[in-house]
Amino acid sequence: MDKLQALHVTVIIPVFNEQERIAETLFTIKDYLSNQSYSSDLLIIDDGSSDLTSEVIKVVDFYGSEVKSQSMGNIVENIKNVGKGYSIAKGLLLAEGDVIVFTDADGSTPIKEIKIVLDKMNEGYDVVIGSRNLPGSRVSNRPFSRRMLSIGFNRIARILGLISVSDSQCGFKAYRKPVARSVAENQKTNGFCFDVEHLFIATKLGYSVSEVPVQWAHDNGSTLSLFKDSILMLFDLIRIRWLHRTL
């Protein structure tokens, strides 16, 4: 963390109808970040939730501020549900950190894994992504069907020349601020394939990308539909290749 110690880190959390589990995730992340030597802030993008997600976030923020003297997070609420990719791009454009990290609301990758990501960035990389498929990755409760889907998806993305990593879809990634701006400004898709698009854009623009093994646990609250979303993701991969052919 030597070079990054003086930098500010923004952690983005995209949420959609997460009232049941967002409190635990926020408590864990806020407790961890408040004990680090670097400064940080939280940016939560609510993608048009129809439940009490935003209200729960505000209660957690108030508790953290009043009881633990933690800084309040920033909440941005989309008027309607647009997609995770849209929320992440919005967050990347709004984030103030020198380094911008995004993680999933279910806490599938523990926030403590940020140390591995930031240490790798300390070596000079522009983008560092968590992976479930490398030696050293610690994966638990991952259904066989989802593992096969992930392998197939990443293989197709590699055949199309979009990525060179083994796991593009792990929801734990870090960008230096200029890279975050570049990929968000060039992003064309709002669905689950935005991760692939970001890596493709970053590589095409000459930024360095590294993949590191992280801890990850499957959460049964996932909203991904294996059949429907798989078809949509396949079309999105082809669309990304076409839309950025001149980048």
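In the block above lies the structure referred to throughout.
About the criteria used
Residues numbered from 1 in each chain as written. Predicted model: local features only at pLDDT ≥ 70, side-chain atom pairs only at ≥ 80, totals over all residues. Heavy atoms only, no water. Core = buried A, V, L, I, M, F, W, Y, C linked by side-chain atoms within 4.5 Å. Buried < 20%, exposed > 50% of the residue type's maximum accessible area, 1.4 Å probe, protein only. Helix = DSSP H or I, 4+ residues; strand = E, 2+ residues; numbered from the N terminus. Contact = heavy atoms within 4.5 Å. Pairing = 2+ DSSP bridges. Axes fitted to C-alpha atoms, helices over the stretch in contact; angles between N-to-C directions. Salt bridge = Lys/Arg side-chain N within 4 Å of Asp/Glu carboxyl O.

> Give me the lowdown on the nonpolar core, citing residues and values where you can.
Grouped together as the largest cluster of nonpolar side chains are 32 residues, with contacts concentrated most on I12, L92 and Y175. Elements with a contribution of two residues or more to this core: β2 (39-46), α3 (84-94), β4 (99-103), β5 (127-131), α5 (144-159), α6 (177-186), α7 (194-204) and α8 (228-243). Of the residues forming this core, the biggest block, 6 residues, is contributed by α7. Those residues in contact with L92, other than ones at most four positions away along the chain, are I12, I100, Y175, A180, R181, V183, A184 and H198. Among the nonpolar cores identified, the runner-up in size contains 30 residues, and I29, L33, A105 and I114 belong to it.

> Quick rundown of the sheet that holds strand β8 (residues 209-213)? Include the residues and the values.
Spatially, β3-β2-β1-β4-β7-β5-β8 is the arrangement adopted by the 7 strands of the open sheet, whose pairing is mixed. The sheet terminates laterally at β3 (74-77) and β8, the two strands that pair on one side only. Averaged over all neighbouring strand pairs, the angle between strand axes comes to 20°, with direction disregarded. Here strand β1 (residues 8-15) pairs with β2 via 8 bridges, running parallel. Residue pairing in the sheet places I13 in a bridge with I44 of β2. Lying on the sheet, helix α4 (residues 114-121) is in contact with β1, β4, β5, β7 (172-176) and β8; it crosses β7 at an angle near 30°.

> Any details on the environment of F62? Residues and values, ideally.
Relative to the helices and strands, F62 is located in helix α2 (residues 53-68). Through-space distance from the C-alpha of F62 to that of G73 is 9.6 Å; in sequence the pair is 11 residues apart.

> Give a detailed account of the pattern of salt bridges, specifying residues and quantitative values.
One pass over the structure, following the stated rule, counts 12 salt bridges. Here E18 and R21 are joined by a salt bridge, their closest N and O atoms 2.5 Å apart. Residue classification places E18 among the buried positions, given a relative accessible area of 11%. One salt bridge connects E113 with K112, and the closest N-O pair in it is separated by 3.3 Å. Here the salt bridges share partners, and the residues they tie into one network are E18, R21 and D219.

By themselves these figures say nothing about function.
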